[in-house]
Amino acid sequence: MSYKSGRHFLQIPGPSPVPDRILRAMDNPVIDHRGPEFAELGQAVLAGIKRIFKTESPVVIYPASGTGAWEAALVNTLSPGDRVLMCETGQFATLWHELASKLGLEVEFIPGDWRHGADPQAIAERLRRDDGHQIQAVCVVHNETSTGVTSRIGDIRRAIDDTGHPALFMVDTISGLASADYRHDEWGVDVTVSGSQKGLMLPPGISFNALSDKALARAKQARLPRSYWDWGAMLASNATGYFPYTPATNLLYGLKEAIHMLEVEGLDHVFARHQRHAEATRRAVQAWGLEVLCLNPAEHSPVLTTVLLPEGHDADRLRRLILERFDMSLGAGLGKLKGRVFRIGHLGAINDLTLLGTLAGVEMGLACAGVPHQPGGVQEAMRFLADR
Ligand code: PLP
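- As annotated in an unreviewed UniProt entry, the protein carries the name Serine--glyoxylate aminotransferase and is attributed to Zobellella denitrificans.
- The UniProt entry for the protein carries the following text under Cofactor (unreviewed entry): "pyridoxal 5'-phosphate".
- Recorded in UniProt for the protein, the comment headed Sequence similarities (unreviewed entry) runs: "Belongs to the class-V pyridoxal-phosphate-dependent aminotransferase family."

And the structure:
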């Protein structure tokens, strides 16, 4: 491997680039996680992360990737054989479905085409037919990272409420939190699952469950086996700023800095910045004459844009070429989209020029790979960003 000058462009939809400020905040000696100094850090992050989820309820922080927090949400609230309703929005919804099935839950999957978000009316229609209230939980992926489609969580909440069905509402916003508008309390979500390596701009390694009173009440009756993931032990220790087992101390230093950065910028500004970069990206894709995978403009992701390649062109070959020539990583097509699409991440610590560099890398790559397209996408994005 020869030396590569300049910074690698990590433009996958997470893990996202970690800002220097966060790297420096984590560059600290490990402290005693049972000592007095730790409690201050614990209390600061446990309080701060609630503001990012927009909740007054507790948020549990696990030393685990997002998959662990998926499992935690289910094992704390459900019992063997419980019926769960999920929506096939893409590969991550499919993986959460698989995980739930392996835990012994009966999972119903509302089918989807991977180009739309979860359909509030389809969920409501299924709940209305569930006279005996067999369905214990509705689980939806907010920002489907495999497709670049964002489900309308507020609309889904209203649709569930219209049915009067008592199922828990669980949402995965692993790639949405701190990039896309998210309101745990206002949207009446019972368990929100998220992770560190996307909008929070941290390395992978910690993940979250934001809770509701209803979820905490269900946890008292839930019979799926749980130990490591048990909210009870976690919340008891968290009350004084500690954890029941060794926390990811240095990631928590980073989390404290990330929360500070997000609050200095202002969450609304953070969301608007992501929307603006997503719009600039879509304009570039349209100018190239390529197709954005997401079909509903109300569901375009502010986090990433998934681009379909013309039939007969291999997206993995294009990504390889862009990595080799321009030192930029783009997201691969996952599951049934393998080779058909590439994903441009525009989340976290980026600015207009990072985005334009990213789009320039894609446009040069399309030309080098011989993918039929019109030049001028970067120009279009520049025009948009300069105007707004
Ligand atoms: N859900 C979504 C929407 C994701 O994007 C990811 C990972 O990218 C996961 C779940 C799984 O999280 P992890 O890979 O951190 O276990």
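1. Here we look at the pairing of strand β10 (residues 207-210)
- Taking every second residue as pointing to the same face, both faces of β10 are buried, with S207 and N209 on one and F208 and A210 on the other.
- Of the pairings in the sheet, the one linking strand β9 (residues 191-195) to β10 comprises four bridges and is antiparallel in character. Its bridge partner being in β10, G195 is matched across the sheet by S207.

2. With respect to the pairing of strand β4 (residues 106-110)
- As defined by bridge partners, strand β3 (residues 83-87) adjoins β4 across five bridges and the pair is classed as parallel. Bridge pairing links L85 to E108 in β4.

3. Some points on the environment of M170
- Topologically, M170 is positioned in strand β8 (residues 168-172).
- Classification of M170 by relative accessible area gives buried; the value is 0%.
- Placed 97 residues apart in sequence, M170 and A73 show a C-alpha to C-alpha distance of 7.7 Å.
- The contacts of M170, once residues within four sequence positions are left out, are A73, L74, T77, L78, W96, A137, V138, C139, V140 and V191.

Parameters at a glance
Residues numbered from 1 in each chain as written. Predicted model: local features only at pLDDT ≥ 70, side-chain atom pairs only at ≥ 80, totals over all residues. Heavy atoms only, no water. UniProt positions renumbered as here; feature names shortened; annotations may be inferred. Buried < 20%, exposed > 50% of the residue type's maximum accessible area, 1.4 Å probe, protein only. Helix = DSSP H or I, 4+ residues; strand = E, 2+ residues; numbered from the N terminus. Pairing = 2+ DSSP bridges. Contact = heavy atoms within 4.5 Å.

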